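Listed below, chain by chain, are the residues.
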Amino acid sequence: MKVSLNWLKLYVDIDVTLDELCNKMISAGFEVEGVENLADTMQNVVVGKIVKITPHENSDHLQICQIDIGESELVQIVTGAQNVFEGAIVPAALHNSVLPNGMNIKKGKLRGVESCGMLCSGEELCLKEADYPGAEVYGILILDDSLIPGTDMREVLGLDDVIIDFSVTSNRPDCQCMIGIAREVGVVLNKPVNIPNPTYKTVSGEITDYITVEDRNFDLCERYMGRVVNNLRIKPSPDWMKKCLKAAGMRPINNIVDITNFVMLETGQPMHAFDRRDIKGNKIIIRNAFEGEKITTLDEKEHTLTEQMLVIADAEAPSCLAGIMGGLNSEIKDDTTELFLESAKFKRDNVRSTARALGVRTESSSRFERGTDIMNVQFAMDRALQLISELDAGDIIDTTIDLHQGLKEDRLLNVSAQSVNDLLGLNIDASVMVDILNRLSIKTSEDNGILNCLIPSWRDDIEGKADIAEEVMRIYGYEHIVGTSVKGVLTRGKKSDERMKADKIKNLLICNSMREITTYSFISSKALEPLNLNEADERNKTISIINPLGDEYSTMRTQLTTSMLTVLSTNINRKTKSARFFEISKRFIPKSLPLTEQPLELPVLCMGIYGEGEDFFTLKGIIEQLMQSFSLNVKYQKSAEPFLHPGRQAQIVLGDTVIGTFGEVHPKTADCYDINEKVYVAEIKLEQLYAAVQPPVIYKATPKFPAVNRDLALLCNKTQPVGDLIDFVSQTAGKLCENVELFDIYEGEQIPDGKKSVAISLVLRSAEATLTDLEVDAVINKVIKRLQTIDVALRQ
Amino acid sequence: MKDKLELLRSAAKAEIHAADSVQAVDEIRVKFLGKKGEITAILKQMGSLSAEERPIIGQLANEVRADIEAEIAGAMSLLKDKALNAKLEAEEIDITLPGKQAAKGSLHPLNSVLENLIDIFQSMGFDVVDGPEVETEHYNFEALNVPADHPARDMQDTFYLGPELLLRTQTSAAQIRTMETRKPPIRIISPGRVYRADEVDATHSPVFHQVEGLVVDKGITLCDLMGTLEKFAQEIYGSDTKVRFRPSFFPFTEPSVEVDVSCPKCGTKGCNMCKGAGWIEILGAGMVHPNVLRSCGIDPEVYTGFAFGIGLDRLTTTKHKISDIRLLFENDVRFLEQF
């Protein structure tokens, strides 16, 4: 809400500095978004009278003007404009002046003749025809004859004002107008507020002789008032009104239109003016639009309407989008003689949905959307008629149309002063509360500790003690709040089991030199394409955002790998040589599509690594550590993710469930991300890790007897998975086998084609005694013999 | 013979003193004490002595022997130390060379700030609870006192996923789920991801993070809210941090306040960090609206409560003076490794 300080002063005496006023309003809940001092934009420009014009000796187009600026001596200014004449009143920018277009004017010589400033055109002062007559004429702006030389041009143009932009919270629609803000200013400064008390002259007549109104939807139009004004005298508004409108960023048009705008800005109640001649059948019907019905609004745009939209129609067609914008067909014209003036209350959500659907947002619609006061409808009408009367703009017929289904009375709210103090934690005297509430126009008396509050019609937001507490507090001052401790037994708060397990995973990964990343939960609808997933893949079943910010952020992710690949790509392309990343986030898995209920939000871990020294096994090592730390006995099997290298990927299997996959990213997929080196990713579902029951750690005695190491060089088929071979050896060796370690794999010279040599070391130990050679040999022989059954021989 | 022994003693001592290596001392030991050594030779002649002389000479011989042995041991020890010191000296390294570090890992700055925050609130007895990110209109709006026609719904642009289903615009939704499942006294925080249809720029992101706080019990006051937030702010920004309330509006709290902290850089003087204001806005809070308590089956005549919502991203960027929120989601290693 942009508020002109000069306008505000019409209602309330402001005897504090601008800063103080702003601070007091902030403390009362009205944030100041900005302060604009219009005077700053123009400096040292005054009204001048051209006393004498002489031609310039060295130029055929320059003229030398002697200007009276209200001082004893004339000022000489050279101008190139041809429309100047002796006796003309003009704006003169003097030496060291500043113009609104940013120009700085200094004295200088023009072709040898001294010029102590510049005469200004309307354009140089950033004026339009509506701001000042003749402003758009080519040449110097010729001002009104009656202006006195020496007058500051800011005064002439209404630039001696300060505009304060107050932010009004959505619970205070009553403050979307000058009177509303003035009321609050009156409260914070503890000053009376001078609210107009409208009276006006009328001529007798029966309004229904001119027009009838029918409200067919009281639900959407709760109150509709109409008045008729005849013998209109359309002319420009007086300067004071023009200044007010301009300060609010509105353009003056003519007295009638300006009055409707002025009243809206002053009272918060939007008004609408119809040219009565254009109301067909002399009938106004408030009704829902017919499906497909059309209207062309004042801005000359045609809209196609739906049944949900409320219109103000005449006997034939819609004349107005109710509460939003008038129709072009019935607007006030220069020759309009009869006015039908509307003041009404329209339902806020209907105005909002219509305005949104049609993409139209006006000063009027934004006020109806926030909510207007049904009692203000009449006040605004009276105020408009008062202005019509004062400006002698027409003859007001003395009868009124006022349709509604009941009006509102001030509500009585009883609140105990103690309960207000209990909520605040303070001990404010009841009499202080009474004073504050009365200043806020809430007529309040106290009876035995009970505050009897009469809530005015414009304060729908006040429903109970909490609201009364807030009203008292914001005026009493939040600086009185002193911190206290919450009472009660203090125990340390708990974290959920899931959070504790996530913490554990993060700690382990950080110890493995990994860095945590954070990426958006939504991805592009095309993000999955590089993964080359099978059509039937579950990950294709994504939830789409109905109103995304663009395709890039349109799809809830069902996997984290694509986000990880983007991060890997960013870092690789910024020349970071190596990195390890992880992210723990959610997969969004719909129970059905289209979405009818909340989807599953499942926790998932994604890892990505690249750089020198990184390979499939460094990633696998981290995963092994992770699984061991959760005491999960998982298997690693070959897998077939289409976005991973077909020969370098594995799935992590727990029982019968695949809980994750990992491997080297397929070069084709990597290429889609502009990645030209080997990168490795893993994605692990965390449900099973979170569910894992950690067995308690029970100490096992350290071995008392020495271990025996036996190395075996085995010759097996090249395709033999070594992991399986080690498992086989370990199982065959039985309970004496403490460990089987791999120490070499060799292919090449001395090894037959299609074979490889696998060197392993068995660590054997008994808990009861030192093993004898005989015992060790028995185990080794058994292993060698059993290995033959799977086509593995001892290397000779 | 007695004189001979004394001569040997002083000769041995002189030689030991002159010796400059372990080897030389060992040779002296052999020369005097060895099987064919000079003391041994003298002892072999003991048989020729009288019965009176023998014990005297015997005793003297043993004494001389012990004396020489002690001298040798002393010399040996000195020489060994000398040799060791020489070796250590030769092994000196340049300690200014860089150390050998294992590569480091790190939490994302958002989460390291969150962990700090969780720790502070846990110590004040707040449990940490989580809620779903895809919410129903009921939990995100209606139950929070924002009915369908309420203008406050315009305050946030919401991403919709289906009929009545949306990406939560605030962690406040978790308040309702908590109050439905727990009875007062309630003391929780609920951190998480929230979504609003804001175009991406230096200070806006369609995905960001909040930490919701909720306390409900008998006799909870606005002053308790101040006390709680003061403790939090002082833990985060330093013990002399001041907290200030400004009236504001949120549909789910009444009274509602914006909460400022004194600028961690300048106190309240005003500087470039606080843009001259002296204060930094860090969160919104208020007393839980009676309608919200009622919709969760809690009697507002018996119980009161307060709630607050901390913007984690803003807290993180102000704490670490990060100029652009987009850096948090870009995940450049050179950014991440600073935390």
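Residues numbered from 1 in each chain as written. Chains lettered and ligands numbered in written order. Predicted model: local features only at pLDDT ≥ 70, side-chain atom pairs only at ≥ 80, totals over all residues.

## Quick word on the overall build of chain B
Consideration 1: Across its full length, chain B holds twelve helices and ten strands.
Consideration 2: Over its C-alpha trace chain B gives a radius of gyration of 42 Å, far above what one expects of a compact globule, namely 20 Å for 339 residues.
Consideration 3: Dimensions of chain B, computed from C-alpha atoms along their principal axes, come out at roughly 130 × 45 × 45 Å.
Consideration 4: When burial is assessed residue by residue, chain B has 42% of its 339 residues classed as buried. (Helix = DSSP H or I, 4+ residues; strand = E, 2+ residues; numbered from the N terminus. Rg over C-alpha atoms; globule rule 2.2 N^0.38 Å. Buried ≥ 20, exposed ≤ 12 C-beta atoms within 10 Å, placed from the backbone.)

## Focus: the overall build of chain A
Consideration 1: Check the secondary structure of chain A and you find 19 helices and 39 strands.
Consideration 2: Taken over C-alpha atoms, the radius of gyration comes to 42 Å for chain A, far larger than the 28 Å a tight globule of 796 residues would show.
Consideration 3: Summarising its shape, the C-alpha atoms of chain A cover approximately 130 × 85 × 60 Å along the three principal directions.
Consideration 4: Taken across its 796 residues, chain A has 40% of its residues classed as buried.
Consideration 5: When contacts within chain A are restricted to residue pairs at least 6 apart in sequence, long-range pairs at least 24 apart make up 69% of them. (Contact = placed C-beta atoms within 7 Å.)

## Considerations on unusual backbone geometry
Peptide bonds are trans in most cases, and residues, glycine excluded, mostly fall at negative phi.
Consideration 1: Here the bond from A:L593 into A:P594 is cis, since omega is -5°, no more than 30 degrees from zero.
Consideration 2: Here A:P594 lies in the loop between strand 30 (579–589) and strand 31 (600–610).
Consideration 3: Each neighbour pair has its own omega, and for B:P184 with B:P185 the value is 0°, a cis peptide bond.
Consideration 4: Counting through the fold element by element, B:P185 comes out in the loop between helix 7 (173–181) and strand 5 (186–195).
Consideration 5: The backbone of A:N532 sits at a positive phi, close to 60°, despite the residue not being glycine.

## Regarding the environment of A:L508
Residues and elements named next belong to chain A.
Consideration 1: If you trace the backbone, L508 turns up in helix 13 (residues 497–511).
Consideration 2: Overall, L508 belongs to the partly exposed group, with 18 C-beta atoms counted inside 10 Å.
Consideration 3: Between the C-alpha atoms of L508 and Q731, which are 223 residues apart in sequence, the distance is 30 Å.
Consideration 4: Setting aside its immediate chain neighbours within four residues, L508 contacts Q625, L626 and S629.

## Notes on helix 2 (residues 22–33) of chain B
Residue and element names in this part refer to chain B.
Consideration 1: Between its first and last C-alpha atoms helix 2 spans 16 Å; for twelve residues at 1.5 Å apiece the expected length is 16 Å, and the two agree.
Consideration 2: Buried within helix 2 we find V25, I28, R29 and F32. Down the axis, helix 2 shows its buried residues gathered within 105° of arc, on one side only. Every exposed residue of helix 2 that faces more than 90 degrees away from the buried side is listed here: Q23 and V30.
Consideration 3: Along its buried surface, helix 2 packs onto helix 1 (2–18), helix 3 (38–44) and helix 4 (53–90). (Expected span 1.5 Å × (residues − 1). Arc of directions from axis to C-beta.)

## As for the sheet that holds strand 3 (residues 160–162) of chain B
All names here are of chain B.
Consideration 1: Strand order in the open sheet formed by three strands is 2-4-3, and the pairing between neighbours is antiparallel. Each of the sheet's edge strands pairs with one partner strand only, and the pair in question is strand 2 (134–136) and strand 3. Across the sheet, the mean angle from the axis of one strand to that of its neighbour is 40°, orientation sign disregarded.
Consideration 2: As paired strands, strand 2 and strand 4 (residues 165–167) are joined by three bridges and run antiparallel to one another. The residue bridging E135 from the neighbouring strand is L166, located in strand 4. (Pairing = 2+ DSSP bridges. Axes fitted to C-alpha atoms, helices over the stretch in contact; angles between N-to-C directions.)

## Focus on the pairing of strand 3 (residues 43–55) of chain A
Consideration 1: In the sheet, strand 3 of chain A pairs with strand 6 (residues 89–98) of chain A via six bridges, with the strands oriented antiparallel. Looking across to strand 6 of chain A, one finds that A:Q43 is bridged to A:V98.

## Here's the deal with the packing of helix 10 (residues 417–424) of chain A against helix 12 (residues 465–476) of chain A
All names here are of chain A.
Consideration 1: Packing of helix 10 against helix 12 leaves a shortest axis separation of 9 Å and a crossing angle of 75°. Judged by the inter-axis angle, helix 10 sits roughly perpendicular to helix 12. Residue-level inspection shows S419, V420, L423 and L424 of helix 10 in contact with helix 12, the latter providing K465, A466, I468, A469, V472 and M473.
Consideration 2: For the contact of helix 10 with helix 12, the per-class residue count stands at eight nonpolar, one polar and one charged. (Parallel < 35°, antiparallel > 145°, perpendicular 65-115°, else oblique. Nonpolar A, V, L, I, M, F, W, Y, C, P; charged D, E, K, R; others polar.)

## Notes on the nonpolar core
Consideration 1: A:V311, A:A322 and A:A384 are the most contacted members of the largest nonpolar core, which totals 164 residues.
Consideration 2: Every residue in contact with A:A384, bar those within four places of it in the chain, is listed here: A:I259, A:T260, A:V263, A:M271 and A:L341.
Consideration 3: Counting residues in each nonpolar core, the second largest holds 63 residues, with A:I609, A:A670, B:Y195 and B:V333 among its members. (Core = buried A, V, L, I, M, F, W, Y, C linked by C-beta atoms within 7 Å.)

## A short note on the interface of chain A and chain B
Consideration 1: In this assembly, 77 residues from chain A lie in contact with 71 residues from chain B.
Consideration 2: Take the side of chain A that touches chain B: its biggest share by element is six residues, from helix 12 of chain A.

## Comments concerning the sheet that holds strand 27 (residues 515–516) of chain A
Residue and element names in this part refer to chain A.
Consideration 1: An order of 27-30-31-35-34-33-32 is seen for the seven strands of this open sheet, with the pairing classed as mixed. With one partner strand each, in any of the chains shown, strand 27 and strand 32 (635–638) form the two edges of the open sheet.
Consideration 2: With five bridges joining them, strand 34 (residues 657–665) and strand 35 (residues 679–685) adopt antiparallel strand pairing. Looking at strand 35, one finds that G663 is bridged to V681.
Consideration 3: Helix 13 rests against strand 27, strand 30 and strand 31 of the sheet, and its axis sits at about 155° to strand 30.
Consideration 4: Helix 14 (residues 561–573) contacts strand 30, strand 31 and strand 35 of the sheet and is inclined by roughly 30° relative to strand 31.

## What about the domain arrangement of chain B?
Consideration 1: The domains assigned to chain B are domain 1 (2–90) and domain 2 (109–336).
Consideration 2: For domain 1 of chain B and domain 2 of chain B, the distance between their C-alpha centres works out to 88 Å. (Domains from an automatic or database assignment.)

## Considerations on the packing of helix 5 (residues 109–123) of chain B against helix 10 (residues 312–320) of chain B
All names here are of chain B.
Consideration 1: Running from N to C, helix 5 and helix 10 point in directions that differ by 100°, and their axes come no closer than 9 Å. It follows that helix 5 is roughly perpendicular to helix 10 by the angle criterion. Each of P109, L110, V113 and L114 in helix 5 lies in contact with helix 10, whose residues at this interface are L312, D313, L315, T316, K319 and H320.
Consideration 2: Partitioned by chemical class, the residues of the contact of helix 5 with helix 10 number six nonpolar, two polar and two charged.

## Side note on the environment of A:R557
Residue and element names in this part refer to chain A.
Consideration 1: Inspection of the secondary structure puts R557 in the loop between strand 29 (555–556) and helix 14.
Consideration 2: Distance in space between the C-alpha atoms of R557 and L528 is 9.2 Å, their sequence separation being 29 residues.
Consideration 3: The residues touching R557, leaving out its near neighbours within four places in the chain, are S521, F522, I523, S563, R587 and F588.

## Considerations on the confidence of the model for chain A
Consideration 1: Averaged over chain A, the pLDDT score is 93; the fraction of residues at 70 or greater is 100%.
Consideration 2: Mean pLDDT values over the elements of chain A span from 88, in helix 3 (residues 153–157) of chain A, up to 98, in strand 27 of chain A. (pLDDT = per-residue confidence, 0-100.)

## What about helix 11 (residues 430–439) of chain A?
Consideration 1: A:M433, A:V434, A:I436 and A:L437 are the residues of helix 11 of chain A that are buried. Viewed along the axis of helix 11 of chain A, the buried residues span an arc of 165°, placing them on a single side of the element.

## Quick word on the environment of A:E601
Consideration 1: Residue position: A:E601 is located in strand 31.
Consideration 2: We classify A:E601 as partly exposed; it has 17 C-beta atoms within 10 Å.
Consideration 3: Put simply, A:E601 and A:L528 are 73 residues apart on the chain and 19 Å apart in space, counted from C-alpha to C-alpha.
Consideration 4: Once residues lying within four places of it in the same chain are set aside, the contact partners of A:E601 are A:K586, A:F588, B:P132, B:E133 and B:V134.

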